[in-house]
Amino acid sequence: MTDPADAGPARIRVLLADDQALLRSAFKVLVDSEPDMEVVGEAIDGAQAYALARERRADVVLMDIRMPGTDGLAATRMISADPELSGVRVVMLTTFEVDEYVAAALRAGASGFLGKGAEPEELLTAIRVAAAGEALLSPAATKGLIASFLAQGGRADAPAPGSAHAERLAALTGREREVLVQVAGGLSNDGIAARLEVSPLTVKTHVNRAMAKLGARDRAQLVVIAYESGLVRPRAE
C-alpha cells in the first residue's frame, strides 16, 4: 500500500469560469500540463462557477468578468461571502490589462487580475501566486491600479474615509498600521522588513494579524482597505 506521505504535495485545484468554450479548452490544456495543478471543473457563468467552487473544492477560480446571467463580479461576491469557501482565491480575467471593473472585482474579494492576452507562463504563475494567498501580479501593480481608480473620486461604490473600513482600523496596533501603509505602498515583506528594520517573519506576522482584524482575504484586499479607509491616499502624478 502506498503511504499518503509519499504522494507528494497536493495539486492546486483550478476552476475555469468563462462563457467561451475555446478559451476554456485552451486554459484546461495548459493547466493540466503542469504537474502541480489540475482543472477540476468548467463553468459557463457565475452561478455555475459558485456552485462548482463548492462542489469541487477548488483552490483557485479563473473568473471572466463579463459572462451572461450571473457575471464574474457577482460570483466573486458570492464566493467571498461564503465561509465554506474562505480558502478559495479568485483571479479575474479581463479583456484589457486595465478594465473599468477591476477595482470593483478587488473590492468584491478577487485576489487580483490577469489580461486574457497574458503569456501562458504568466497565467500559470498567477495561479500559483493566488493559491499561495498573495496579491496577483506585483503588489506595486495592484496598488497602482487601485489608486488610479480611487483617485477618480465620485464613484458610488467607493466608501469615503470614516466608513466601516476606517472604524476597523482602530483595532490595529500602531505597528500593524505602519505595516499596512507599507503594504499599500507596494512593498514586499522583505522590503518592509528592511525599511522598518525588523525581520521578514515579524512583518509576515503583522500582515497576517492585520488581515484577520480587517477581514481581508489577502494582500490585495489590504491595499483596497488602506485606500478606501483614507489611511493611504493616491499621490498626484
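Structure: above.
I will try to describe carefully the structure that is included in this document. Because the structure is predicted, anything quoted here is derived from the model rather than measured.

**Topic: the pattern of salt bridges**
Item 1. Counted by the stated rule, this structure contains 11 salt bridges.
Item 2. Notably, a salt bridge pairs Arg13 with Glu38, separated by 3.8 Å at the nearest N-O pair. Highlighted residues: Arg13 in strand β1 (residues 12-17) and Glu38 in strand β2 (residues 37-43), separated in sequence by 25 residues.
Item 3. Overall, Glu38 belongs to the partly exposed group, its relative accessible area being 21%.
Item 4. Salt bridges sharing common partners tie together Arg11, Arg13 and Glu38.

**Here's the deal with helix α10 (residues 200-214)**
Item 1. Under the 1.5 Å per step criterion, the end-to-end length of α10 is 21 Å for 15 residues, consistent within 8% with the ideal 21 Å.
Item 2. One or two steps after α10, the chain reaches Gly215, where phi turns positive at roughly 70°.

**Some details on the pairing of strand β3 (residues 60-64)**
Item 1. Among the 5 residues that make up β3, 5 are buried, leaving the element largely enclosed by the rest of the structure.
Item 2. Across 4 bridges, the pairing between β1 and β3 is parallel. Bridging across to β3, Leu16 finds its partner in Leu62.
Item 3. One ladder, built from 5 bridges, connects β3 with strand β4 (residues 89-94); its direction is parallel. Of the residues in β4, the one forming a bridge with Val61 is Val90.

**Description of the side chain of Asp64**
Item 1. Among the structural elements, Asp64 can be located in strand β3.
Item 2. Contacts of Asp64, omitting those with residues within four sequence positions, involve Ala17, Asp18, Asp19, Gly72, Met92, Leu93 and Lys116.

**A word on unusual backbone geometry**
Note: most residues except glycine have negative phi, and most peptide bonds are trans.
Item 1. Located in the positive-phi region is Arg57, a residue other than glycine, with phi close to 55°.
Item 2. Along the chain, Arg57 turns up in the loop between α2 (46-56) and β3.
Item 3. Here Arg57 falls in the partly exposed class, since its relative accessible area comes to 42%.
Item 4. Notably, Glu197 is not glycine yet its phi reads approximately 60°, a positive angle.
Item 5. Looking at where Glu197 falls in the secondary structure, it is placed in the loop between α9 (189-196) and α10.

**Digging into the packing of helix α8 (residues 174-184) against helix α11 (residues 219-228)**
Item 1. Closest axis-to-axis distance for the α8/α11 pair is 9 Å, and the angle between their directions is 105°. When the axis of α8 is compared with that of α11, the two are roughly perpendicular. Contacts between α8 and α11 involve Leu180, Val183 and Ala184 on the former and, on the latter, Arg219, Leu222, Val223, Ala226 and Tyr227.
Item 2. Of the residues in the contact of α8 with α11, the class split is 7 nonpolar, no polar and 1 charged.

**Side note on the sheet that holds β3**
Item 1. Here we have 5 strands laid out as an open sheet, ordered β2-β1-β3-β4-β5, and parallel in their pairing. One side of each edge strand has no neighbouring strand; the edge strands of this open sheet are β2 and β5 (112-115). The sheet shows a mean angle of 25° between the axes of neighbouring strands, direction not considered.
Item 2. Of the strand pairs in this sheet, β4 and β5 are connected by 4 bridges, and their pairing is parallel. Its bridge partner lying in β5, Val91 is registered against Gly112.
Item 3. This element, helix α1 (residues 21-32), spans β1, β2 and β4 of the sheet and lies at about 160° to β2.
Item 4. Strand contacts of α2: β1, β2 and β3, with the helix running at about 140° to β2, the strand carrying the most contacts.

Rules of the game
Residues numbered from 1 in each chain as written. Predicted model: local features only at pLDDT ≥ 70, side-chain atom pairs only at ≥ 80, totals over all residues. Heavy atoms only, no water. Salt bridge = Lys/Arg side-chain N within 4 Å of Asp/Glu carboxyl O. Helix = DSSP H or I, 4+ residues; strand = E, 2+ residues; numbered from the N terminus. Buried < 20%, exposed > 50% of the residue type's maximum accessible area, 1.4 Å probe, protein only. Expected span 1.5 Å × (residues − 1). Pairing = 2+ DSSP bridges. Contact = heavy atoms within 4.5 Å. Axes fitted to C-alpha atoms, helices over the stretch in contact; angles between N-to-C directions. Parallel < 35°, antiparallel > 145°, perpendicular 65-115°, else oblique. Nonpolar A, V, L, I, M, F, W, Y, C, P; charged D, E, K, R; others polar.

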